[in-house]
Amino acid sequence: YMVGEALAEHNTVAPYYEGLPALFDFSSWYRMMYAIQNSHAKWFPKDMISYQDEYAAYRSDFIDATKLSNHDEDRARSVLGGSGNLSLERAKMAAAILMTSVGSPYIYYGEEIGMLGMKTNGDENVRDPMLWDVRAQDNYRTTWRTSVYSTEATVGTVAGQAEKVNSIYNIYRYFIKLRNAYPALATGKMTLTEAEGEKLLVIHNVSNTLKTYTLKKAIKQPIADTKGTGLKKISDNEYLIYMPAYSSIIIEM
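All figures in this text were calculated on a predicted structure; none of them were measured in a lab.

Rules of the game
- Residues numbered from 1 in each chain as written.
- Predicted model: local features only at pLDDT ≥ 70, side-chain atom pairs only at ≥ 80, totals over all residues.
- Heavy atoms only, no water.
- Pairing = 2+ DSSP bridges.
- Helix = DSSP H or I, 4+ residues; strand = E, 2+ residues; numbered from the N terminus.
- Axes fitted to C-alpha atoms, helices over the stretch in contact; angles between N-to-C directions.
- Expected span 1.5 Å × (residues − 1).
- Buried < 20%, exposed > 50% of the residue type's maximum accessible area, 1.4 Å probe, protein only.
- Contact = heavy atoms within 4.5 Å.
- Salt bridge = Lys/Arg side-chain N within 4 Å of Asp/Glu carboxyl O.
- Parallel < 35°, antiparallel > 145°, perpendicular 65-115°, else oblique.
- Left-handed = near helix turned anticlockwise from the far one by under 90°.
- Nonpolar A, V, L, I, M, F, W, Y, C, P; charged D, E, K, R; others polar.
- Phe/Tyr/Trp six-rings, centres within 6.5 Å; stacked < 30°, edge-to-face > 60°.
- Lys NZ or Arg CZ within 6 Å of the ring centre and 35° of its normal.

As a further point, take the sheet that holds strand β6 (residues 211-215). Adjacent strands of a sheet form backbone hydrogen bonds with each other and so pair up, either parallel or antiparallel. Judged by pairing direction, the sheet is antiparallel, and its three strands sit side by side in the order β6-β9-β8 without closing on themselves. A single partner strand is all that each edge strand has here, and the edge strands are β6 and β8 (230-235). Each strand of the sheet is rotated relative to its neighbour by a mean of 20°, with strand direction disregarded. Judged from the five bridges that link them, β6 and strand β9 (residues 238-243) form a sheet pairing that is antiparallel. Bridge assignment links L215 to a residue of β9, and that residue is Y239.

So, in structure tokens, the structure goes:
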């Protein structure tokens, strides 16, 4: 199918669904950035649901092409804080949200290893060569330019990150596998995410501090989590959830 790109907010993009089956969703990325940068996401689900309704008004079978940054924007990790550990944790959180939200997600090359880049001196700075392996063993790396922002020292490589359980690369792989395994994550609606009778509750802590959440509902089981999220049963219909900074948990209801 054809995917359109209108670099504008949701209300400008929506009418293009009359002629195109899919459009990149810049608004969702802008709202996600705000949520992560400000350590709260109380408006994010509401905004996402409203965009879905808006697009459906123009095309009932619309495909929401969700994304983080792209080739014309500052790299996601750079926007979320630069090259330090905080930005890396935030970039992992962005990946988790992207892969557990409604839409058909697209990954701009390099986001999956946390590549960096700002457009300050031109678009080429958000298009550094992909780092597949250390230079001596990297037969796939382009030679058209030398990396400025994304280097083996600042980012690492695909091969190197593949060996590290908690790398951003493996966070992407983890949530992609979950999305492929659970129809609710791939095709469900954003309420209590649901598809073909399957109901999942997705919770993200977008802040840099430990949070607790009391869930007053019966559950079947937790099916996925990151960073040691805890779930304590108080009764059959009440649970206390412990959420470390920038962590996620998915619970089957």
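Anyway, onward from the coordinates.
Let us now look at the sheet that holds strand β1 (residues 3-4). Taken in spatial order, the three strands make up an open sheet running β1-β2-β3, and their pairing is parallel. Each edge of the open sheet carries a strand with a single partner, namely β1 and β3 (63-65).

With 14 residues, helix α7 (residues 168-181) should cover 20 Å at 1.5 Å per step; its first-to-last C-alpha distance of 20 Å lies within 8% of that length. Among all positions in α7, only I168, Y169, N170, I171, Y172, F175, L178 and R179 are buried. Taken together, the buried residues of α7 touch α5 (85-100), α6 (158-162), α8 (183-187), β7 (221-225) and β10 (248-252).

On to the pattern of salt bridges. Tallied over the entire structure, the rule returns 12 salt bridges. The partner of E73 in a salt bridge is K67, and the shortest N-O contact between them spans 3.0 Å. Relative accessible area serves as the criterion here: at 11%, E73 is assigned to the buried category. For K67, a relative accessible area of 4% translates into the label buried. D236 is paired through a salt bridge with K233; the nearest N and O atoms lie 2.9 Å apart. What makes D236 exposed here is its relative accessible area of 53%. Salt bridges sharing partners connect three or more residues here, namely D72, K119, D123 and R127.

Another point: the packing of helix α2 (residues 26-37) against α5. In the contact formed by α2 and α5, the axes pass within 11 Å of each other and the chain directions differ by 135°. Considering the angle they form, α2 stands oblique to α5. Every pair of crossing elements has a handedness; the one defined by α2 and α5 is right-handed. Of the residues in α5, those in contact with M32, I36 and Q37 of α2 are R90, M93, A94, I97 and L98. Looking at side-chain class alone, the contact of α2 with α5 contains six nonpolar, one polar and one charged residues.

Here the structure, examined in full by the defined rule, presents eight aromatic pairs. Centroid distance Y174 to F175: 5.2 Å. Interplanar angle 80°. Geometry classified as edge-to-face. With a relative accessible area of 29%, Y174 lands in the partly exposed category. Under the relative-accessibility criterion, F175 is labelled buried at 2%. Following the ring pairs from residue to residue traces out a cluster consisting of Y17, Y55 and F62. Over the ring of Y109 we find R75, and its NZ or CZ is 4.8 Å from the ring centre.

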